[in-house]
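Listed here are the chains, written in short residue letters.
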Amino acid sequence: MLIIPESLIADLVTPEDAHAAVEAAFAAMAEGEARNFPVVREALGEGRQYGFKSGIMPGALGVKSGGYFPGNAARGMINHQSVVILFDPETGVPRAMVGGNLLTALRTAAASAISIDRLARPEARVLGIVGAGHQAQFQLRAAARVRRFERVIAWNLHPEMLPRLGAVAAELGLPFEAVPLERMVEADAIITITSAPAASLMAPHVAPGTHLACMGTDTKGKQEVDPALVASARVFTDEVAQSITIGEAQHAVAAGSLRAEAITPLGEVLTGAHPGRRSPDEITLFDGTGVGLQDLAVAGIALRRAEERGLGIEVLV
Ligand code: NAD
């Protein structure tokens, strides 16, 4: 079994790799060639979350284990911590244990960028971001790869975190402005990426024709967007079962204002089974809950590259 520590991941997997791998995973799900197993996600108290995301797809079987530990930032560590374990899908023999922190950021940013690429209006020029934590910078970088955004506007409950996101925008050559939520109405695409327990982005903050990539809500009880806004949008997701239980759509579904049958897997847009956006005026919403197959897809790249380059630590199991 090969151990591929976190410190090697940046040299093994690029954001472009993650984009292609996540697209392939979503398409395989839509074609019935891959499936995610039910998520285990448990609250440990004090905001800590721990769980498992697992699944099977051609060539990959495995699990990501880890969670979100909000006290870490004060200790100089990132709040998300995880590893991915890969097994041989034929024999069940463990093949690798792969550091999951950067992989999670890359595969999550890839998912929202894929949704922007496929669902935002072609002429989208203003990117809005709600959130400014660890994930937000990856989201910004990935979004900038799929559209020619001309400026970025951002809001965060904790405004002191915004300059760090502004520095990433500057690196990308994009003007950046911290704005009140009311000015999100200027955005053509909005990414939400917070750990909020209640909605901040409300219907009046979003203009007709906007694409929303809702990425922060990955657990029961989290919420970033007004359920009425969710219910009024054309909703897409990585996986419907997760969307209605742990994703942003959980609240609108529980309120009875959105039916599970009205939510479309993004993979169906990728395979051409669903046309995606139907008009320039409708609001499209991607409920990115984070599926285990995204993790297996990017960890599989890390394993392949590490084997090719003779990297990692081989251990007997
Ligand atoms: P982080 O801890 O680095 O940042 C947290 C963000 O949430 C900051 O912008 C912070 O200001 C904001 N925030 C904290 N408490 C808030 C509150 N009460 N109300 C509003 N905003 C609040 O976290 P991160 O690593 O950037 O992750 C952000 C979120 O994305 C987390 O909820 C995480 O679980 C989720 N996530 C989702 C996926 C996915 O696949 N969908 C993957 C990774 C992370």
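Residues numbered from 1 in each chain as written. Predicted model: local features only at pLDDT ≥ 70, side-chain atom pairs only at ≥ 80, totals over all residues. Heavy atoms only, no water.

> Any chance you could explain the overall build of the protein here in plain terms?
Helix and strand counts for the protein stand at 10 helices and 16 strands. In summary, the protein has a C-alpha radius of gyration of 19 Å against a globular reference of 20 Å for 317 residues, a match within 12%. Relative to its 317 residues, the protein shows a buried fraction of 55%. Put simply, 70% of the contacts in the protein that link residues at least 6 apart link residues at least 24 apart. On the protein, roughly 13,100 Å² of surface is accessible, and the fraction owed to carbon and sulfur atoms is 57%. With 27 positive and 35 negative side-chain charges, the protein shows a separation of 1 Å between the mean positions of the two kinds. (Helix = DSSP H or I, 4+ residues; strand = E, 2+ residues; numbered from the N terminus. Rg over C-alpha atoms; globule rule 2.2 N^0.38 Å. Buried < 20%, exposed > 50% of the residue type's maximum accessible area, 1.4 Å probe, protein only. Contact = heavy atoms within 4.5 Å. Areas by Shrake-Rupley, 256 points an atom, 1.4 Å probe, with all protein chains shown as cover. Lys, Arg positive; Asp, Glu negative; His and termini not counted. Charge placed at Lys NZ, Arg CZ, Asp CG, Glu CD.)

> Please explain the packing of aromatic side chains as it appears in this structure.
Two numbers describe a pair of aromatic rings. These are the distance of the centres and the angle of the planes. Taken as a whole, this structure holds 2 aromatic pairs when the rule is applied. A cation over a ring is seen here: lysine 222 above tyrosine 68, with NZ or CZ 5.2 Å from the ring centre. (Phe/Tyr/Trp six-rings, centres within 6.5 Å; stacked < 30°, edge-to-face > 60°. Lys NZ or Arg CZ within 6 Å of the ring centre and 35° of its normal.)

> Help me out: how do you make sense of the site of the ligand in this one?
Around the ligand there are 26 residues in total, and Tyr68, Asn79, Arg107, His158 and Lys222 lie nearest to it. Between the ligand and the protein, one listed contact pairs a nitrogen atom with a backbone N or O atom of methionine 215 at 2.8 Å. Within the contact set of the ligand, an oxygen atom lies 2.7 Å away from a side-chain nitrogen or oxygen of lysine 222. Relative to its unbound accessible area of 860 Å², the ligand is 88% covered by the protein chains. Elements supplying a minimum of two residues to the shell around the ligand: helix H3 (101–119) and helix H4 (134–146). Within the shell around the ligand, the residues separate by chemical class into 8 nonpolar, 15 polar and 3 charged. Counting residues domain by domain, the shell around the ligand receives three or more from each of domain 1 (2–104 + 293–314) and domain 2 (119–290). (Near = heavy atom within 4 Å. Polar contact = N/O pair within 3.5 Å; in protein donor to acceptor, adjacent residues only side chain to side chain. Nonpolar A, V, L, I, M, F, W, Y, C, P; charged D, E, K, R; others polar. Domains from an automatic or database assignment.)

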